[in-house]
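# A structural walkthrough
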Amino acid sequence: MKFIKFLIFLFFVIGGSMTAGTASAQFNNTILFVPHDNRPISFQQTADNIRALGYNVITPPENLLGSRDDLGHPEALEEWVMANASKADFAVLSADSLVYGSLVASRKHNIPADVLQHRAQVFSALHQKYPYLPVYVFGSIMRTPQTSEASSEEPDYYRVYGTQIARYTALSDKQEKDGLTKKEIREMDDLKKAIPQASINDWLSRRAGNFTVNKYLISLTRDKAISYLVLGCDDNARYSQTDRERRALDKFAGAVDSYKSVAGVDELGMIMLARAVNQLKGDIPFVSAHYAAGIGADTIPAYSNEPIKDSVKTHINVAGGLQINNDKRADLVLLLDTDEKGVTYAANDPDNTLTPRANTVSFVEMTGRYLAEGKNVGIADIDFGNGADNALMNILWQKGYLAKLGAYAGWNTPTNSSGYAIAMGMLASYADKDETIEMLVPRYLDDWLYQANIRQQVANKMDSFTGEGDYGDTKTRIIQAQQYATELMRQAVVKYGLTQFPNQQSLKNVRVEFPWHRLFEAAFIIPKE
């Protein structure tokens, strides 16, 4: 099997879809990493996964990265990259940070087009200065939130007209792809009249700037200045402005095999870091994928425009792996917890109880079979969005499987989770048990205990705290909210035995913080013993 993998690796290197010359290079096991913002999952948690395997991950000072209130410092980031690139074997860089300042900034900035174009030249300049440094870039195709309520990171007018803008541009996309009915044509005309021209012009002009930058990044990839480029689509749908732009960019890229677009954004830093590690290892991980009973692979999850099987295949490819149908040869067996009917539920919904769904028990039985065979098993928990399936996690806990998994993710959108689980599972194939536990614990704290449970408990308690603040902005109630979340988390880690995992006794003193001053993002501070 190793010989077969070596031949495949050699084929990719010679063919140019991986970085030529890396197989024989002398490495320092150092990766330069610029995330798309300073959220814990984007920044420290992701970098720490790579560090857990013994790699040196160089990251920028946090004050250079975008946050909720500070949209980032792209010029200072460029200087930092240029000053530190000589230390690295690979550079994994967020285009959103280096061009706009952050992922959020890419959605609401007012930066002139010529400034964006000038900033995008950082990748060309980096290649000219360090021609042998492989540069992996991840960026975004601007999202299309489907409702006004989902517009916390958009311009203010989207809170009023967002649902109408999303629908209007969806109809425009459908008109291009499949044509419209007479009823839809009338609806489109009505929407055009209802949306202020200044609002739709602003939204589309910002998207045009983003589209132009992405075309330039593809051109740099075609010219080998960027070694590999992936563009992600967050908050997407079958008919949407996001999907329309994705199709146009894919067409522009043509046969550039070192470019991919995929559903999801927040997982891409982890995916590209895994690609760098696979290159450092000189390996192409083999991945087999299996789904819960029901619609399974054909599920089109929330926030996506494509069947999950397509996203999984692309994520595996982007991470430097190969999807296979042979479990015996698989370095990672990926199991995806999908709803029987292909529906994506909300993790903080009251229906996310300990009562198993129709296919939960059979999914756990499948997990147990692969673990009994000694396989490296990763679970993408995507039955629910923005948190774990409580029934699934409760049974996995009861069976004693949590410490035996190689990977787990159930956070944010389903494609965020599946992509993250793929990358983590690949890394686990190189890790020992302690290193794997180091990667698993933050996911259990965040995706399961916090997002699917404690988050809602804290939200329900907010009005009883003194001062001001709510779910979306904790304001002066943040200290009380953090203290309550910490109390609940400490109780949960003891209840579920996470403190009994190897070298995890300090979890009993874990602390929960809300660095973005809202309950959706949480940081978990684990003291070092």
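No experiment lies behind these values; they were computed from the predicted model shown.

## Remarks on the packing of aromatic side chains
Under the defined criterion, the tally for this structure stands at 14 aromatic pairs. Residues phenylalanine 90 and tyrosine 136 carry aromatic rings whose centres are separated by 5.5 Å and whose planes lie at 50° to one another, so their mutual orientation is tilted. Highlighted residues: phenylalanine 90 in strand E3 (residues 90-94) and tyrosine 136 in strand E4 (residues 135-141), separated in sequence by 46 residues. Accessibility assignment for this pair places phenylalanine 90 and tyrosine 136 in one class, buried. Ring geometry for tyrosine 408 against tyrosine 444: centres 5.6 Å apart, planes inclined by 45°, an arrangement best described as tilted. Of the two residues, tyrosine 408 sits in strand E13 (residues 407-409) while tyrosine 444 sits in helix H17 (residues 433-461), which places them 36 residues apart along the sequence. A residue is classified by how much of its surface remains accessible, and tyrosine 408, at 0% relative accessible area, is buried. Among the residues examined, tyrosine 444 registers a relative accessible area of 0% and is labelled buried. Each member of the aromatic cluster is reached from another via a ring pair, and the members are Trp397, Tyr408, Tyr444, Trp448, Tyr496 and Phe501.

## A word on the confidence of the model for the protein chain
Per-residue pLDDT for the protein chain averages 93, and the proportion of residues at 70 or more is 94%. The low-confidence segment residues 14-25 (pLDDT under 50) makes 26 contacts with residues lying over four places distant or belonging to another chain.

## Structural notes on the sheet that holds strand E5 (residues 228-233)
Reading across the sheet, the 6 strands line up as E2-E1-E3-E4-E5-E6 and stay open at both edges, with parallel pairing between neighbours. The outermost strands of the open sheet, each flanked by one partner alone, are strand E2 (56-58) and strand E6 (259-263). Taken pair by pair, the neighbouring strands of this sheet meet at an average axis angle of 20°, ignoring direction. Judged from the 4 bridges that link them, strand E1 (residues 30-34) and E3 form a sheet pairing that is parallel. Paired with leucine 32 across the bridge in E3 is alanine 91. Set on the sheet, helix H12 (residues 268-281) makes contact with E1, E3, E4, E5 and E6; between it and E4 the angle comes to about 160°.

## What about the pairing of strand E11 (residues 377-381)?
Summarising burial for E11: 5 of the 5 residues are buried, a large majority. Judged by which residues are buried, E11 turns out to be covered on both faces: Val377, Ile379 and Asp381 on one side and Gly378 and Ala380 on the other are all buried. By the bridge criterion, 5 bridges tie strand E9 (residues 332-337) to E11 in an arrangement that is parallel. In the sheet register, leucine 334 faces E11, and the bridge partner there is glycine 378. Pairing of E11 with E13, which is carried by 3 bridges, proceeds in the parallel orientation. If you follow glycine 378 over to E13, its bridge partner there is alanine 407.

## A closer look at the packing of helix H15 (residues 390-399) against H17
Remark: H15 packs on H17, axes separated minimally by 11 Å, with the N-to-C direction vectors making an angle of 130°. Put simply, H15 runs oblique to H17. Here H15 and H17 pass one another in a crossing that is left-handed. Contacts from Asn390, Met393 and Trp397 of H15 reach H17 at Tyr444, Trp448, Ala452 and Asn453. Considered class by class, the residues forming the contact of H15 with H17 number 5 nonpolar, 2 polar and no charged.

## Side note on helix H8 (residues 158-177)
At glutamine 164, H8 shows its maximal bend, which comes to roughly 30°. Among all positions of H8, only Tyr158, Gly162, Ile165, Ala166, Tyr168, Thr169, Ala170, Leu171, Ser172, Asp173 and Lys174 are buried. Contact partners of the buried residues in H8: helix H9 (182-194), helix H10 (197-222) and helix H11 (241-253). One or two positions beyond H8, positive phi appears at glycine 179, with a value near 85°.

## Focus on the sheet that holds E11
An order of E8-E7-E9-E11-E13 is seen for the 5 strands of this open sheet, with the pairing classed as parallel. For this open sheet the edge positions go to strand E8 (322-323) and E13, each flanked by a neighbour on one side alone. Pairing analysis gives 5 bridges linking strand E7 (residues 286-291) to E9, with the strands arranged parallel. Opposite histidine 290, over in E9, you have leucine 335 as the bridge partner. This element, helix H14 (residues 360-372), spans E7, E9 and E11 of the sheet and lies at about 170° to E9.

## Section: the environment of alanine 47
The residue alanine 47 is located in helix H2 (residues 44-51) in this model. In sequence terms alanine 47 and isoleucine 58 are 11 residues apart; their C-alpha atoms lie 8.6 Å from each other. Once residues within four sequence positions are removed from consideration, alanine 47 is found in contact with Phe33, Val57 and Thr59.

## A word on the nonpolar core
Counting residues in each nonpolar core, the largest one holds 106 residues, and the members touching the most others are Tyr444, Leu445 and Met489. It is H17 that provides the largest number of residues to this core, a total of 12 residues. What methionine 489 contacts, discounting residues up to four positions off in sequence, is Leu445, Leu449, Tyr450, Ile454, Val510, Val512 and Phe524. Counting residues in hydrophobic clusters, the runner-up holds 43 residues, among them Val34, Val99, Leu249 and Ala253.

Rules used throughout
- Residues numbered from 1 in each chain as written.
- Predicted model: local features only at pLDDT ≥ 70, side-chain atom pairs only at ≥ 80, totals over all residues.
- Heavy atoms only, no water.
- Phe/Tyr/Trp six-rings, centres within 6.5 Å; stacked < 30°, edge-to-face > 60°.
- Helix = DSSP H or I, 4+ residues; strand = E, 2+ residues; numbered from the N terminus.
- Buried < 20%, exposed > 50% of the residue type's maximum accessible area, 1.4 Å probe, protein only.
- pLDDT = per-residue confidence, 0-100.
- Contact = heavy atoms within 4.5 Å.
- Pairing = 2+ DSSP bridges.
- Axes fitted to C-alpha atoms, helices over the stretch in contact; angles between N-to-C directions.
- Parallel < 35°, antiparallel > 145°, perpendicular 65-115°, else oblique.
- Left-handed = near helix turned anticlockwise from the far one by under 90°.
- Nonpolar A, V, L, I, M, F, W, Y, C, P; charged D, E, K, R; others polar.
- Bend = angle between axes of the 7 residues up to and from the residue.
- Core = buried A, V, L, I, M, F, W, Y, C linked by side-chain atoms within 4.5 Å.

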